[in-house]
Amino acid sequence: MAGISTHVLDTDRGRPAAGVKIELSVREGETWRMVKTMITNADGRTDGPVVAAADARVGEYQLEFHTDAYFRSLPDAGAGEPFVDNAVVRFAIFDVKQHYHVPLLCTPGSCTTYRGS
Amino acid sequence: MDRHSLTRRSLVGAGFGGAVLAGATTDALAQAGPPQTAAPPNPAPPKPGTLTTAPSSQAGLSPRLTMHAIDNFHGTPGAGMVCDLSIREGDTYRLIKTVTTSPTGRPTEPLLVDEAFKAGRYELLMHFDAYFRALDVKLPTPNFLGLVPVRFVIRDVGQRHHLPILFSPWGYSYYRGS
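Below or above, wherever it landed, is the structure these notes cover. None of the values given here were measured: they were computed from a predicted structure.

Calculation rules
Residues numbered from 1 in each chain as written. Chains lettered and ligands numbered in written order. Predicted model: local features only at pLDDT ≥ 70, side-chain atom pairs only at ≥ 80, totals over all residues. Heavy atoms only, no water. Contact = heavy atoms within 4.5 Å. Buried area = accessible area lost by both parts, 1.4 Å probe. Salt bridge = Lys/Arg side-chain N within 4 Å of Asp/Glu carboxyl O. Polar contact = N/O pair within 3.5 Å; in protein donor to acceptor, adjacent residues only side chain to side chain. Helix = DSSP H or I, 4+ residues; strand = E, 2+ residues; numbered from the N terminus. Nonpolar A, V, L, I, M, F, W, Y, C, P; charged D, E, K, R; others polar. 1 Å grid on protein atoms, 1.4 Å probe; cavity = no way out; pocket = protein on both sides within 12 Å on 5 of 7 lines; lining within 4 Å. Points joined across faces, edges and corners; volume = space filled by probe spheres on them. Pairing = 2+ DSSP bridges. Axes fitted to C-alpha atoms, helices over the stretch in contact; angles between N-to-C directions. Phe/Tyr/Trp six-rings, centres within 6.5 Å; stacked < 30°, edge-to-face > 60°. Buried < 20%, exposed > 50% of the residue type's maximum accessible area, 1.4 Å probe, protein only. Lys NZ or Arg CZ within 6 Å of the ring centre and 35° of its normal. Core = buried A, V, L, I, M, F, W, Y, C linked by side-chain atoms within 4.5 Å.

1. Details of the interface of chain A and chain B
Thinking step 1. Between chain A and chain B, the contact holds 25 residues from the first and 25 residues from the second.
Thinking step 2. Counting each side, the surface lost to burial between chain A and chain B is near 2100 Å², with a carbon and sulfur contribution of 58%.
Thinking step 3. Interface area lost by chain A to chain B is led by Phe83, Asp85 and Arg90 of chain A, which between them contribute 35%.
Thinking step 4. Taken together, the connections running from chain A to chain B amount to 3 salt bridges.
Thinking step 5. Residues arginine 155 of chain B and aspartate 68 of chain A are paired through a salt bridge, measuring 3.9 Å at the closest nitrogen-oxygen approach.
Thinking step 6. Counting the contacts that link chain A with chain B gives 11 residue pairs in polar contact (both at pLDDT 80 or more).
Thinking step 7. The element contributing the most residues to the side of chain A that touches chain B is strand β6 (residues 87–93) of chain A, with 6 residues.
Thinking step 8. A class-by-class count of the residues in the side of chain A that touches chain B yields 14 nonpolar, 5 polar and 6 charged.

Below you can see the structure in the form of structure tokens.
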């Protein structure tokens, strides 16, 4: 299956990050056009594909993860303020026949992303 | 070059090669560059990403923002990485400066220090695509990662902030370091 998917993991607590707002944007010239907003489910994934195979185009995409609000909303949020601002991941689809899984591993002080599978 | 000579050169370069520095502070060591005369003749010219220095500690330095780019694809410092530092103003980012990392993977100067070190929301836009293309890494077009935004917040300017970025053509990680 081609398209884009994501998965948000709270590596501070060692569990999926549920309820994280994610905004998908596509690059159009010099600007980013917001396409849709999603919320991660209990497994840290979106209920549907971020971008379905039929909608995938060669181009640049952006996922903004609202990790700041997520960490602040947790009942066990620590006293420290997050160092990482809302994580923004920009990446390109270079071959629409391939799938692009783009996970985010996050803590208040760090984040990691990569082309996953 | 064998591993032992690299290690020895690194130690000499960082200032651990003689007792002359016994009274020097860690700060001074962190600023010291490798003395050219200490290195044996090197047949290969240094190129971006060649590992020649040992780690340095920034403990005890005044509050500032520093960064370190580490190339996890080649296993070297991320030398020659172009980075645009901006601060958020309303809904946009205003460019403060553009820096290029030195052979250590660090810019030669702090990103922000003294009166320039202000609280705020920052973005460091890193030119991944240009970096790997300059090293002749074969990548798709457009590459998976091109211009990568690293966003972080400085809240307390009384604290030193270090921002390491570990990267490859297919992923990256950043965190509040030390």
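2. What to know about the layout of surface pockets
Thinking step 1. The computed volume of the second largest pocket comes to approximately 300 Å³.
Thinking step 2. Lining the second largest pocket are 13 residues; nearest its centre among them are Arg27, Glu30, Trp32, Gln62 and Arg90 of chain A.
Thinking step 3. Breaking the lining of the second largest pocket down by element, the ones donating at least two residues are β3 (21–28), β4 (31–39) and β5 (59–65) of chain A together with β7 (147–154) of chain B.
Thinking step 4. Among the residues forming the lining of the second largest pocket, the class breakdown is 4 nonpolar, 3 polar and 6 charged.

3. As for empty space enclosed by the protein
Thinking step 1. Overall, the coordinates contain 1 cavity of 30 Å³ or more when judged by the stated rule.
Thinking step 2. In this structure, the largest cavity encloses a volume near 30 Å³.
Thinking step 3. Among the elements of the structure, β6 and β8 (110–114) of chain A together with β9 (171–175) of chain B are those that each provide at least two residues to the lining of the largest cavity.
Thinking step 4. Among the elements that take part in the lining of the largest cavity, β6 of chain A stands out by supplying 3 residues, more than any other.
Thinking step 5. Taken together, the residues that form the lining of the largest cavity break down as 8 nonpolar, 1 polar and no charged.

4. What to know about the sheet that holds β5 of chain A
All names here are of chain A.
Thinking step 1. One open sheet holds the 4 strands; their spatial order is β4-β3-β5-β6, and the pairing between them is antiparallel. The outermost strands of the open sheet, each flanked by one partner alone, are β4 and β6. The sheet shows a mean angle of 25 degrees between the axes of neighbouring strands, taken without regard to direction.
Thinking step 2. Relative to β6, β5 runs antiparallel, the two being bridged by 7 bridges. Across the sheet, residue phenylalanine 65 finds its bridge partner in β6, namely alanine 87.

5. A word on the sheet that holds strand β3 (residues 82–89) of chain B
All names here are of chain B.
Thinking step 1. With respect to topology, 4 strands assemble into an open sheet ordered β4-β3-β6-β7, the strand pairing being antiparallel. Only two strands of the sheet have a single neighbouring strand rather than two, namely β4 (92–100) and β7. Pairs of neighbouring strands in the sheet enclose a mean axial angle of 25 degrees, with direction left out of account.
Thinking step 2. Of the pairings in the sheet, the one linking strand β6 (residues 120–127) to β7 comprises 8 bridges and is antiparallel in character. Considered in β7, the bridge of glutamate 123 is made with arginine 151.

6. Details of the packing of aromatic side chains
Thinking step 1. Counted according to the given criterion, the structure contains 15 aromatic pairs over all chains.
Thinking step 2. A ring pair is formed by tyrosine 100 of chain A and phenylalanine 144 of chain B, whose centres lie 6.4 Å apart and whose planes are at 15 degrees; its orientation type is stacked. Residue tyrosine 100 of chain A is located in strand β7 (residues 99–107), and its partner phenylalanine 144 of chain B is located in the loop between α3 (128–134) and β7; the two belong to separate chains. Like tyrosine 100 of chain A, the residue phenylalanine 144 of chain B is buried in the burial classification.
Thinking step 3. A ring pair is formed by tyrosine 131 of chain B and phenylalanine 132 of chain B, whose centres lie 5.0 Å apart and whose planes are at 90 degrees; its orientation type is edge-to-face.
Thinking step 4. Over the aromatic face of tyrosine 100 of chain A sits the side chain of arginine 115 of chain A, whose NZ or CZ is 4.3 Å from the ring centroid.

7. Details of the pairing of β4 of chain B
Residues and elements named next belong to chain B.
Thinking step 1. Across 8 bridges, the pairing between β3 and β4 is antiparallel. The residue bridging arginine 88 from the neighbouring strand is tyrosine 93, located in β4.
Thinking step 2. Counted between consecutive antiparallel strands, the loop separating β3 from β4 contains 2 residues, among which glycine 90 sits at a positive phi close to 65 degrees.

8. Considering the nonpolar core
Proteins that are soluble and globular tend to have nonpolar side chains buried together.
Thinking step 1. In terms of nonpolar packing, the biggest core is built from 60 residues, with Phe91 of chain A together with Met67, Leu124, Met126, Val150, Phe152 and Leu163 of chain B touching the most fellow members.
Thinking step 2. Contact partners of valine 150 of chain B, with chain neighbours within four places excluded, come to Tyr122, Glu123, Leu124, Met126, Leu163, Ile165 and Tyr174 of chain B.

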